[in-house]
Amino acid sequence: MKVIIRDNQHEASIWAAHHIANAIKAKAAVTGEPFVLGLATGSTPIETYAELIRMYKAGEISFKNVVTFNMDEYVGLPVEHPESYHSFMYKYLFDHIDIPRANIHILDGNAPDLKAECDQYEKSIAAAGGVDLFLGGVGEDGHLAFNEPYSSLQSRTRVMTLTYDTLLVNSRFFENDINKVPKQAMSVGVATVLDSREVLILAFGHKKARAIQQAVEGPMTHVVTLSALQNHPCGTVVVDELAAGELKVNTYKYFKQIEEAEK
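These numbers come from a predicted model, not from an experiment.

A. Structural view of the sheet that holds strand β4 (residues 72-74). Spatially, β4-β8-β7 is the arrangement adopted by the 3 strands of the open sheet, whose pairing is antiparallel. The open sheet has two edge strands, β4 and β7 (158-161), and neither has a second partner. Pairwise comparison of adjacent strand axes, ignoring direction, gives a mean angle of 30° for this sheet.

Written out as structure tokens, the structure reads:
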């Protein structure tokens, strides 16, 4: 695992956007196969998406040969609902770039057979050649996608019942009314994410500091599903100073020194 530490959320978000753009261009330089990109929702990646949009409008990157798979979607929430992850992705990214609509994949939380939808999602990822880079965030309790604490680290795309803590955090998107938050969501599994050739996780603010400390310095455990990234050959966590606040001094210095040495 590698940890990239920046002074603030803005700098960390910009770093992540340029890393993604460089990965897309690097693959395009050696093959005509599409770049398969995993994406996340929530407030954390918004600034990264904004920078990718800016780069596209400036002619620095194209998404015409990019295929995307989103991490999750609420169960039972209409696609047109402003807080559905379909709506989020089009609002903050897809409506502003040149990605073909046929290349966009988001789980259908209103599918008549949710298990079949999850199973087909796994097959679609495999048919696309696997994910080249999966961009994600982390919950305050260390969960990856909607893989809540005690989720199997071998889990695959499935329906998850959300914990009270997750419902409470997400209620800010639903008029601060926890009763309006869908109680279930469809989510890629931990193993689904770890199958990606690269995983890039964003974490900002002091509320994420404990989760980052546990995922980076603690044991690999299903209690903190992000900790499974320890077992990935190309996993990177991008944090601001606040999210790095609980790391040991020597851990902090180590990752700073590693980055400096690799320049």
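B. Structural context of the pattern of salt bridges. Across all of its chains, the model carries 11 salt bridges by this definition. D132 serves as the salt-bridge partner of K27, at 2.8 Å between the closest nitrogen and oxygen. Pair noted here: K27 is in helix α1 (residues 9-28) and D132 is in the loop between α4 (114-127) and β6 (133-136), with a separation of 105 residues, a long-range link. Of the charged contacts in the structure, one is a salt bridge between R156 and D195, with a shortest N-O distance of 2.7 Å. Residue R156 is located in the loop between β6 and β7, and its partner D195 is located in the loop between α6 (190-194) and β9 (199-203); the two are separated by 39 residues in the primary sequence. It is possible to trace a salt-bridge network through shared partners that takes in K27, D132 and R197.

Cut-off values and rules
Residues numbered from 1 in each chain as written. Predicted model: local features only at pLDDT ≥ 70, side-chain atom pairs only at ≥ 80, totals over all residues. Heavy atoms only, no water. Pairing = 2+ DSSP bridges. Helix = DSSP H or I, 4+ residues; strand = E, 2+ residues; numbered from the N terminus. Axes fitted to C-alpha atoms, helices over the stretch in contact; angles between N-to-C directions. Salt bridge = Lys/Arg side-chain N within 4 Å of Asp/Glu carboxyl O.

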